[in-house]
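Chain residues, written in single-letter form:
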Amino acid sequence: MIEIFKKDWCFMRELYCKKCGKKINTKLWMVPNSCVCGVNLDEWQKDSGRTTFRYLLCIFLLMLPLFLLIYLLRILLKNLIILYALILLISMIWLRQADGILIRIGIVKMKNIIVK
Ligand SMILES: [Zn+2]
């Protein structure tokens, strides 16, 4: 029972390079652009689901806390350009993490990544 749960727990899954088979080192759930062997990891498979409604909905749901944060900080954002830059940076990292999560769950399939 626990084994099944472990297998289905998306964050426990590891990503592997399709070419060299090495484990992909994800930092803070972010998937790097390329493997140590030089293979591009940011190409997605055709009909990988990255353009589907399901993907867009998942991205939207994962980004929702950030939208809320921006909404709450909107007055401060107008006055503080540094905070604006920080939010921009956070959203870029957040988006990549969301992408990494979706790859792990299997909603998005990448051309050179195997999920185990
Ligand atoms: Zn590789």
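Residues numbered from 1 in each chain as written. Predicted model: local features only at pLDDT ≥ 70, side-chain atom pairs only at ≥ 80, totals over all residues.

Per an unreviewed UniProt entry, the protein chain goes by the name DUF983 domain-containing protein and belongs to Holdemanella hominis.

Right, let's talk about the confidence of the model for the protein chain for a bit. Of the residues in the protein chain, 85% reach a pLDDT of 70 or more, and the chain-wide mean stands at 84. The least confident element of the protein chain is helix α1 (residues 2–8), whose mean pLDDT is 53; the most confident is strand β1 (residues 15–17), at 94. (pLDDT = per-residue confidence, 0-100. Helix = DSSP H or I, 4+ residues; strand = E, 2+ residues; numbered from the N terminus.)

For the α-helix, the turn length of 3.6 residues means that residues three or four positions removed from each other point alike. Relative to the 36 Å expected for 25 residues at 1.5 Å per residue, helix α4 (residues 81–105) spans 36 Å between its end C-alpha atoms, a close match to the ideal helical length. By the burial criterion, the buried members of α4 are Asp 99, Gly 100, Leu 102, Ile 103 and Arg 104. Residues of α4 that are buried make contact with β1, α2 (53–72) and β2 (113–115). (Expected span 1.5 Å × (residues − 1). Buried ≥ 20, exposed ≤ 12 C-beta atoms within 10 Å, placed from the backbone. Contact = placed C-beta atoms within 7 Å.)

Another aspect to go through is the environment of Glu 14. With respect to the element layout, Glu 14 can be found in the loop between α1 and β1. Note: C-alpha distance between Glu 14 and Ile 113 (99 residues apart in sequence) is 9.9 Å. Sequence-distant contacts of Glu 14, defined by excluding residues within four places in its chain, comprise Lys 23 and Lys 116.

Where α2 contacts α4, the axes come no closer than 10 Å and their chain directions differ by 150°. Between α2 and α4, the angle is such that the two are roughly antiparallel. Relative to α4, α2 is oriented so that their crossing is right-handed. Only Ile 87, Ile 90, Ser 91, Trp 94, Leu 95, Ala 98, Ile 101 and Leu 102 of α4 make contact with α2, whose side of the interface consists of Tyr 55, Cys 58, Ile 59, Leu 62, Met 63, Leu 66 and Ile 70. Of the residues in the contact of α2 with α4, the class split is 14 nonpolar, one polar and no charged. (Axes fitted to C-alpha atoms, helices over the stretch in contact; angles between N-to-C directions. Parallel < 35°, antiparallel > 145°, perpendicular 65-115°, else oblique. Left-handed = near helix turned anticlockwise from the far one by under 90°. Nonpolar A, V, L, I, M, F, W, Y, C, P; charged D, E, K, R; others polar.)

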